[in-house]
Amino acid sequence: MDRVEQHAIHDGNQEVWKHLSSTLGCEMKFGIFLPKSALAGKKCPVLYWLSGLTCNEQNFITKAGAQRYAAEHSVILVAPDTSPRGGNVADDEAYDLGKGAGFYVNATQQPWANHYRMYDYVVDELPRLVEDGFPASDARSISGHSMGGHGALMIALRNPGRYRSVSAFSPIVAPSEAQWGEKAFSTYIGDNRELWKQYDTVELVKLGAERIPLLIDQGEADEYLLTQLKPQLLKVACASSGHPLQLHMRAGYDHSYYFVASFIGEHIAYHARNLQ
């Protein structure tokens, strides 16, 4: 790995590292905030953050203001890119497909299958890099926004015991029933909707394999609330299966990072309690 950025913030370091990913077959970047205690060599727990459509490793680390709260709780923050990158990586002109829109799945359809394996990257390769290369413990939590909220919830539900806690802002909870998800899944995975269920939070809750509590914040003024996000579908699924859910509907808030920045402190405190 090579460090390409380093900035002092709240007595810690915000860094960006690049590496050649064996999973994705391309060079990748991720942001990592190291609190003061980590810089002193103490192993700290890690909160993984997954960003949404069109984002890369920069959006969360520059817009959310999360470092202040991570420093307070001695939590490492890791924010990967949202897709593979590079000249040889398949892409699409649309903002909701291709680069910046990996949807945290393992693609099986060509030409996407050669590189688009973001599920394996987030679950396996990235934690190995972080835990081998930094003073990070194996205590992990995961969170995200929009497409990244989908990724965080889905990954936590598919990996029982791997994460201490999970949360999301404005997540796509039922991608099989949303235009963004239908487009991505049919392109990356194919038209067999049964295969989509392994990447769909609502469907995973119905299966009930993992009972990890879900913490979700959703803005009531979100322009995508009724068409793409559909939190009511998750609310019904959790009620039917008895899955623990905290769904906070926030009046006046939209889909932006202004919303994330308003409540990220509460989420990091929630994860810190579970990570200790």
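The structure we're discussing is the one just above.
Here goes a summary of the coordinates provided.

Here is what the cut-offs are and how they apply
Residues numbered from 1 in each chain as written. Predicted model: local features only at pLDDT ≥ 70, side-chain atom pairs only at ≥ 80, totals over all residues. Heavy atoms only, no water. Pairing = 2+ DSSP bridges. Helix = DSSP H or I, 4+ residues; strand = E, 2+ residues; numbered from the N terminus. 1 Å grid on protein atoms, 1.4 Å probe; cavity = no way out; pocket = protein on both sides within 12 Å on 5 of 7 lines; lining within 4 Å. Points joined across faces, edges and corners; volume = space filled by probe spheres on them. Nonpolar A, V, L, I, M, F, W, Y, C, P; charged D, E, K, R; others polar. Buried < 20%, exposed > 50% of the residue type's maximum accessible area, 1.4 Å probe, protein only. Contact = heavy atoms within 4.5 Å. Phe/Tyr/Trp six-rings, centres within 6.5 Å; stacked < 30°, edge-to-face > 60°. Salt bridge = Lys/Arg side-chain N within 4 Å of Asp/Glu carboxyl O. Core = buried A, V, L, I, M, F, W, Y, C linked by side-chain atoms within 4.5 Å.

1. A word on the pairing of strand β1 (residues 2-9)
In step 1: For β1 and strand β2 (residues 12-21), the ladder comprises seven bridges, and the chain directions are antiparallel. Bridge pairing in β2 places Ala8 opposite Asn13.
In step 2: Counted along the chain from β1 to the antiparallel partner β2, the turn is two residues long, and its residue His10 has a positive phi close to 50°.

2. Thoughts on empty space enclosed by the protein
In step 1: Following the criterion strictly, the structure yields one cavity of 30 Å³ or more and no others.
In step 2: The calculated volume of the largest cavity comes to roughly 50 Å³.
In step 3: Surrounding the largest cavity, Gln14, Gly31, Ile32, Phe33, Phe60, Ile61, Ala66, Gln67, Leu77, Val78 and Ala79 form its lining.
In step 4: For the lining of the largest cavity, the elements supplying multiple residues, two or more each, are β3 (26-34), α2 (58-63) and β5 (76-80).
In step 5: When the residues that make up the lining of the largest cavity are grouped by side-chain class, the tally is eight nonpolar, three polar and no charged.

3. Quick look at the layout of surface pockets
In step 1: Here the largest pocket is characterised by a volume of approximately 220 Å³.
In step 2: Around the largest pocket, the lining is made up of 15 residues, and of these Leu53, Ser146, Trp180, Tyr224 and His255 lie nearest the centre.
In step 3: Classifying every residue of the lining of the largest pocket gives seven nonpolar, six polar and two charged.

4. Describing the environment of Val202
In step 1: Inspection of the secondary structure puts Val202 in helix α8 (residues 201-207).
In step 2: Among the residues examined, Val202 registers a relative accessible area of 6% and is labelled buried.
In step 3: Sequence separation between Val202 and Leu234 is 32 residues, and the spatial gap between their C-alpha atoms is 5.4 Å.
In step 4: Among all residues touching Val202, those that are not within four sequence positions of it are Val173, Ala174, Leu233, Leu234 and Ala237.

5. Quick word on the packing of aromatic side chains
In step 1: Throughout the structure, instances matching the rule amount to 16 aromatic pairs.
In step 2: Between Trp17 and Phe134, the ring centres sit 5.4 Å apart and the planes meet at 85°, which makes this aromatic pair edge-to-face. You can see Trp17 sitting in strand β2 and its partner Phe134 sitting in the loop between α4 (118-133) and β6 (136-144), a full 117 residues away along the chain.
In step 3: By relative accessible area, which is 9% here, Phe134 ends up buried.
In step 4: With a centroid separation of 5.4 Å and an interplanar angle of 70°, the aromatic rings of Trp112 and Tyr188 are classed as edge-to-face. Here Trp112 is found in the loop between β5 and α4, whereas its partner Tyr188 is found in helix α6 (residues 179-188), with 76 residues between them in sequence. Of the two residues examined, Trp112 and Tyr188, each falls in the buried class.
In step 5: Site record: aromatic cluster; members linked through ring pairs are Trp49, Phe60, Phe169, Tyr253, Phe259 and Phe263.

6. Digging into the pattern of salt bridges
In step 1: Under the criterion given, the structure shown has 11 salt bridges.
In step 2: Look at the salt bridges and you will find they share partners, linking Glu177, Glu182 and Arg193 into a network.

7. Things to note about the nonpolar core
In step 1: Core analysis: the biggest nonpolar cluster contains 66 residues, and Phe103, Ile142 and Tyr188 have the highest contact counts within it.
In step 2: What Tyr188 contacts, discounting residues up to four positions off in sequence, is Leu97, Gly98, Ala101, Gly102, Phe103, Val105, Ala107, Thr108, Gln109, Trp112 and Tyr116.
In step 3: Ile61, Val75, Ala139 and Ala272 belong to the second-largest nonpolar core, a separate cluster that totals 22 residues.

8. Brief notes about the environment of Val130
In step 1: Within the secondary structure layout, Val130 lies in helix α4.
In step 2: Residue Val130 is classed as buried on the basis of its relative accessible area, which comes to 0%.
In step 3: Discounting residues that sit within four places of it in the chain, Val130 has contacts with Ile32, Val46, Tyr48, Val78 and Ala136.

All we've got here are geometric facts, nothing functional implied.
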